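Observations on the three-dimensional arrangement
Listed here are the chains, written in short residue letters.
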Amino acid sequence: MKRILAFLLLLVMCLSFFACGNTEEPPVPDTEKEDDNVEEKVIEDKTYELKDITDSLKLHGRTTVTSAGIACDHSATGIEFSAYMEGKVKLSVFVSSNTYFTVYIDGVRQEKRFNVKKGTVTLTIANFKEGGVHNIRVLKQTESANSLSVLKTLSFKGYFEEAPAKKDLFIEFLGDSITSGYGNPCANGAADPGSALNQD
């Protein structure tokens, strides 16, 4: 009987020792630690060669990436991008002859059409007084029979966001000059409907 009582007493002491021996709480995971894989976005004034940043762009229409830039020869060809931007946004373009471009900002067509007579010109396509994330789309209006064009560089202060998503469905229109916007802005029999001015 004494042996049994001694064994039980020893068992109680051992259990008490183990129960009191580990008083530390388990470590709590550090959920506030920043992910080292998150790229820090830097606001800087920079000029980009468009041929080198196609991953940041959505290309519209039948475009071709060349050593000179992005060739946009047909009507409604161009580029689209989303970025954080402050101040002026500039686009350098080359055209073989009189050409018009349309700019959309955040889905809204801008009233001003940009006209380039010939050669390489830098256009200020937007000017944001306050910094913010915006979407810009630039489309050529003039048909390829009148001019060829290359979008060369893009300059702005800020950084690119993810490129606009491509659509799941594409429709290609095959047609004549009417399909290209021949004479669309003309009214009441305006002269020269096939000029670059009167194509949209």
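Attention here is on the structure that accompanies the text.

Criteria and thresholds
- Residues numbered from 1 in each chain as written.
- Predicted model: local features only at pLDDT ≥ 70, side-chain atom pairs only at ≥ 80, totals over all residues.
- Heavy atoms only, no water.
- Helix = DSSP H or I, 4+ residues; strand = E, 2+ residues; numbered from the N terminus.
- Buried < 20%, exposed > 50% of the residue type's maximum accessible area, 1.4 Å probe, protein only.
- Contact = heavy atoms within 4.5 Å.
- Areas by Shrake-Rupley, 256 points an atom, 1.4 Å probe, with all protein chains shown as cover.
- Core = buried A, V, L, I, M, F, W, Y, C linked by side-chain atoms within 4.5 Å.
- Salt bridge = Lys/Arg side-chain N within 4 Å of Asp/Glu carboxyl O.
- Phe/Tyr/Trp six-rings, centres within 6.5 Å; stacked < 30°, edge-to-face > 60°.
- Lys NZ or Arg CZ within 6 Å of the ring centre and 35° of its normal.
- 1 Å grid on protein atoms, 1.4 Å probe; cavity = no way out; pocket = protein on both sides within 12 Å on 5 of 7 lines; lining within 4 Å.
- Points joined across faces, edges and corners; volume = space filled by probe spheres on them.
- Nonpolar A, V, L, I, M, F, W, Y, C, P; charged D, E, K, R; others polar.
- Patch = residues over 30% accessible without salt bridge, like charges linked within 9 Å, V, L, I, M, F, W, Y side chains within 5 Å.
- Lys, Arg positive; Asp, Glu negative; His and termini not counted.
- Polar contact = N/O pair within 3.5 Å; in protein donor to acceptor, adjacent residues only side chain to side chain.

Scanning the protein from N- to C-terminus turns up one helix and ten strands. When the 200 residues of the protein are sorted by exposure, 35% land in the buried category. Counting contacts in the protein only where the partners sit at least 6 residues apart, residues at least 24 apart contribute 70% of the total. Carbon together with sulfur atoms contributes 54% to the accessible area of the protein, which is approximately 13500 Å² in total.

Moving on, we get to the nonpolar core. Ranked by internal contacts, the top residues of the largest apolar core, which has 29 residues, are Leu-50, Ile-79, Phe-81, Val-89, Leu-91, Ile-125 and Ile-136. Among the elements of the structure, β5 (78–95), β6 (99–105), β8 (114–116), β9 (119–140) and β10 (149–160) are those that each provide at least two residues to this core. Excluding residues that lie within four positions of it along the chain, Ile-125 makes contacts with Val-89, Leu-91, Val-103, Ile-105, Phe-114, Ile-136 and Val-138.

Moving on: the pattern of salt bridges. Proximity of charged atoms lets side chains of opposite charge pair with each other. A complete count under the given rule lists five salt bridges for this structure. A salt bridge links Glu-161 to Lys-41, with the nearest nitrogen and oxygen atoms 3.1 Å apart. In this pair, Glu-161 sits in the segment after β10 while Lys-41 sits in the loop between α1 (2–21) and β1 (44–49), placing the two residues 120 residues apart along the sequence. By relative accessible area, which is 23% here, Glu-161 ends up partly exposed.

What the rule picks out here adds up to six aromatic pairs. Joined through ring pairs, the aromatic side chains of Tyr-48, Phe-81, Phe-156 and Phe-160 make up one cluster. The residue whose ring lies beneath Arg-113 is Tyr-100, and the NZ or CZ to ring-centre distance is 4.4 Å. The aromatic ring of Tyr-104 is capped on one face by Arg-137, whose charged end is 4.2 Å from the ring centroid.

Reported here for the largest pocket is a volume of approximately 1100 Å³. When residues of the lining of the largest pocket are traced back to their parent elements, those giving at least two are β2 (58–60), β6 and β9. Considering each element in turn, the lining of the largest pocket owes the most residues, three residues, to β2. When the residues that make up the lining of the largest pocket are grouped by side-chain class, the tally is eleven nonpolar, 14 polar and ten charged.

A few words now on the environment of Lys-90. Here Lys-90 lies in strand β5. For Lys-90, a relative accessible area of 35% puts it in the partly exposed group. Through-space distance from the C-alpha of Lys-90 to that of Thr-47 is 8.8 Å; in sequence the pair is 43 residues apart. Apart from the residues lying within four places of it in its own chain, the contact partners of Lys-90 are Thr-122, Leu-123, Thr-124, Thr-153, Leu-154 and Ser-155.

Glancing now at a nonpolar patch on the surface. A cluster of nonpolar residues, Leu-169, Ile-171 and Phe-173, forms a patch on the protein surface that exposes about 410 Å² of accessible area. Its place among the elements puts Phe-173 in the segment after β10.

Inspection of the secondary structure assignment puts His-134 in strand β9. With a relative accessible area of 18%, His-134 lands in the buried category.

Summarising the element assignment, Glu-143 is placed in the loop between β9 and β10. It turns out Glu-143 is buried and unbridged, and the closest side chain with the opposite charge, Lys-140, is 8.7 Å from it. Here the side chain of Glu-143 touches Gln-199 through a polar contact of 2.5 Å, side chain to side chain. Excluding anything up to four places from it in sequence, Glu-143 contacts Asp-73, Ser-75, Ser-177, Ser-180, Tyr-182 and Gln-199.

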